[in-house]
2 protein chains.
Amino acid sequence: MPDLLPLLGDEPSERSDAARNRAALLAAGRDLVAHCGTEAVTMEAVAERAGVGKGTVFRRFGTREGLMAAVLDADEREWQAAVISGPPPLGPGAEPWERLVAFGRSRLVTTLTHADLIRAAGGFGSRSQPAHAFTVLHLRHLLRELGVTGDLPMLATALLAPLEVPLLDAAVRAEDYPVERVLASWLDLARRITAG
Amino acid sequence: MPDLLPLLGDEPSERSDAARNRAALLAAGRDLVAHCGTEAVTMEAVAERAGVGKGTVFRRFGTREGLMAAVLDADEREWQAAVISGPPPLGPGAEPWERLVAFGRSRLVTTLTHADLIRAAGGFGSRSQPAHAFTVLHLRHLLRELGVTGDLPMLATALLAPLEVPLLDAAVRAEDYPVERVLASWLDLARRITAG
DNA sequence: GGGCCAAACGGACCGCGGTCCGTTTCTATT
DNA sequence: AATAGAAACGGACCGCGGTCCGTTTGGCCC
């Protein structure tokens, strides 16, 4: 019986060896990033560490950016869990504005922490990543709860932009602004948007 | 007499052959972009077209991104001239809000037109480009004239972000929003910021 | 003009991302 | 258990960005 529910699972269901290799490659990528930095993450190095051929890496992840995005995704999922079901004020249960403040600080820190990885994953390009979509959606949700009216998708995107790697880098690293100042001005921007 | 005003001109003054090659390479790059698209702009192709060695291209522009940035810069200078001394409402002479509207529409169109080139020049990274600095500075100027108070550098940067390639691409190309809608929501964002 | 030296040049060379295709391995079916 | 065909594999191969270093050239001083 090839597939009991061919239309429900949707995922074409990976072959067992393929799944095993995906896991091994992901682990190899994660380890390389952690121990040697993103620079050291060569497709050949990942392949060797995972004990597979180079072609397999490309088959599974398409490009280097794809691999990096997959590695990043694992980290992002943790954050998503904290937002969906973690303790307030980041998780549910706090007032919307409190959640927004926590959201901003949390994104700011996470993004700076993973800056290299995010850049290697295509950064601001390839923004169809599920991870980014989730973030935008959640911010939209918070804005709606705060009573914001107007073009919510656009407003959420615009409010998220200053928390992206290039702008954060420019402010914190190039201009040497302290993180608290960046966060304060981001909150000021959020206030202006919600005040409408 | 080696240098009459060694401390004024500041520029280390290029040797004549170097200057000639820089011009030839820039022209070759511009032509290749115009006729064959940014994809075709290979360092070797540019070198050959300019009649120099590959090493020279790297000596002059450092990296491919550097070369692209230099090509882009030529276009940007035109736009800067229009802002500084062109006819209103983009140039001086109109009310600040009118100038802001013209600024937004103009940036939007220019950015979409040059999207490929901007991406090839490093896009949102390498944002220390003089071209970008000028844009931010001008926007700050307009915001100040509109009576905006607060962290002007940050507000200007934040307001500019939705007009950058990745966000514009996502809205106009991926989401298929009409340009007018994007512009309208950008103006809404600007209004919220100026309303403070 | 001749000679000196810093600056510029050019192209062989390297490493990595990405492709291609002949070979191997899984799995559904009998 | 045998088999067939699709899917996955692996590594040789290619093109391009970037480096290196021996050679050439332009500019200043005598």
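Residues numbered from 1 in each chain as written. Chains lettered and ligands numbered in written order. Predicted model: local features only at pLDDT ≥ 70, side-chain atom pairs only at ≥ 80, totals over all residues. Heavy atoms only, no water.

### Observations concerning the domain arrangement of chain A
All names here are of chain A.
Next, step 1: Under the domain assignment, chain A is made up of domain 1 (14-62) and domain 2 (63-195).
Next, step 2: Taking the mean C-alpha position of each, domain 1 and domain 2 sit 28 Å from one another.
Next, step 3: With twelve residues of domain 1 at the contact, the number on the domain 2 side is nine residues.
Next, step 4: The contact between domain 1 and domain 2 buries some 910 Å² in all, and 76% of this surface belongs to carbon and sulfur atoms.
Next, step 5: The interface formed by domain 1 and domain 2 holds zero salt bridges in total.
Next, step 6: Residue composition of the side of domain 1 that touches domain 2, by class: eight nonpolar, three polar and one charged. (Domains from an automatic or database assignment. Contact = heavy atoms within 4.5 Å. Buried area = accessible area lost by both parts, 1.4 Å probe. Salt bridge = Lys/Arg side-chain N within 4 Å of Asp/Glu carboxyl O. Nonpolar A, V, L, I, M, F, W, Y, C, P; charged D, E, K, R; others polar.)

### Quick look at the protein's contact with DNA strand D
Next, step 1: Around DNA strand D sit 23 residues, and of these N21, G53 and R60 of chain A together with K54 and R64 of chain B come closest.
Next, step 2: In the interface set of DNA strand D, defined as its atoms within 4 Å of the protein, sugar plus phosphate atoms amount to 63%.
Next, step 3: A distance of 3.3 Å separates a phosphate oxygen of DNA strand D from a polar side-chain atom of R59 of chain A.
Next, step 4: Within the backbone of R64 of chain B, a nitrogen or oxygen atom sits 2.9 Å from a phosphate oxygen of DNA strand D.
Next, step 5: For the surface near DNA strand D, the secondary-structure elements that each account for two or more residues are α1 (16-36) and α3 (54-61) of chain A together with α1 (16-36) and α3 (54-61) of chain B.
Next, step 6: Looking at which element gives the most residues to the surface near DNA strand D, the answer is α3 of chain A, with five residues. (Near = heavy atom within 4 Å. Polar contact = N/O pair within 3.5 Å; in protein donor to acceptor, adjacent residues only side chain to side chain. Helix = DSSP H or I, 4+ residues; strand = E, 2+ residues; numbered from the N terminus.)

### Brief notes about α1 of chain B
Residue and element names in this part refer to chain B.
Next, step 1: For α1, spanning 21 residues, the distance from its first C-alpha to its last is 30 Å, which sits close to the expected 30 Å at 1.5 Å a residue.
Next, step 2: Along α1, the residues classified as buried are A18, L25, A28, G29, L32 and V33. Here the buried residues of α1 occupy an arc of 130° about the axis, which is enough to place them on one side. Among the exposed residues of α1, those oriented more than 90 degrees off its buried face are S16, R20, A34 and H35.
Next, step 3: If you follow the buried residues of α1, they end up packed against α2 (43-50), α3, α4 (64-85) and α6 (115-120).
Next, step 4: Just downstream of α1, G37 is the residue with a positive phi angle, here 85°. (Expected span 1.5 Å × (residues − 1). Buried < 20%, exposed > 50% of the residue type's maximum accessible area, 1.4 Å probe, protein only. Arc of directions from axis to C-beta.)

### Quick word on the relation of the copies chain A and chain B
Put simply, the two copies of the chain differ by a rotation about an axis and a shift along that axis.
Next, step 1: When chain A is fitted onto chain B, the two copies agree to an RMSD of 0.0 Å after a turn of 180° and an axial shift of 0.0 Å. Taken together, the turn and the small shift mark the pair as related by a two-fold rotation axis.
Next, step 2: A share of 100% of the interface residues of chain A reappears at the interface of chain B, consistent with the copies meeting face to face through the same patch. (Least-squares fit on C-alpha atoms with pLDDT ≥ 70 in both.)

### So, the environment of D188 of chain A
Residue and element names in this part refer to chain A.
Next, step 1: Looking at where D188 falls in the secondary structure, it is placed in helix α10 (residues 179-195).
Next, step 2: Residue D188 is classed as buried on the basis of its relative accessible area, which comes to 16%.
Next, step 3: Put simply, D188 and P87 are 101 residues apart on the chain and 25 Å apart in space, counted from C-alpha to C-alpha.

### Concerning the protein's contact with DNA strand C
Next, step 1: Within the structure, DNA strand C sits among 22 residues, and K54 and R64 of chain A together with N21, G53 and R60 of chain B are positioned closest to it.
Next, step 2: Of all atoms in DNA strand C that approach within 4 Å of the protein, 62% are sugar or phosphate atoms.
Next, step 3: Between a phosphate oxygen of DNA strand C and a side-chain N or O atom of R59 of chain B, the distance comes to 3.4 Å.
Next, step 4: Sorting the residues of the surface near DNA strand C by element identifies α1 and α3 of chain A together with α1 and α3 of chain B as the ones contributing at least two each.
Next, step 5: Take the surface near DNA strand C: its biggest share by element is four residues, from α3 of chain B.
Next, step 6: Looking at the surface near DNA strand C, its residues break down into seven nonpolar, seven polar and eight charged.

### Concerning the packing of aromatic side chains
For any two aromatic rings, the description comes down to two numbers: the centre-to-centre distance and the angle of the planes.
Next, step 1: Considering all chains together, one arrives at five aromatic pairs over all chains under this definition.
Next, step 2: Ring centres of W79 of chain B and F134 of chain B lie 6.2 Å apart, and the angle between their planes is 90°; on these two criteria the pair is classed as edge-to-face. With W79 of chain B in helix α4 and F134 of chain B in helix α7 (residues 130-145), this pair connects stretches of sequence that are 55 residues apart.
Next, step 3: Grouping aromatic residues by their ring pairs yields a cluster made of W79, F103 and F134 of chain A.
Next, step 4: When the ring centre of Y177 of chain A is taken as reference, the NZ or CZ atom of R181 of chain A above it lies at 3.9 Å. (Phe/Tyr/Trp six-rings, centres within 6.5 Å; stacked < 30°, edge-to-face > 60°. Lys NZ or Arg CZ within 6 Å of the ring centre and 35° of its normal.)

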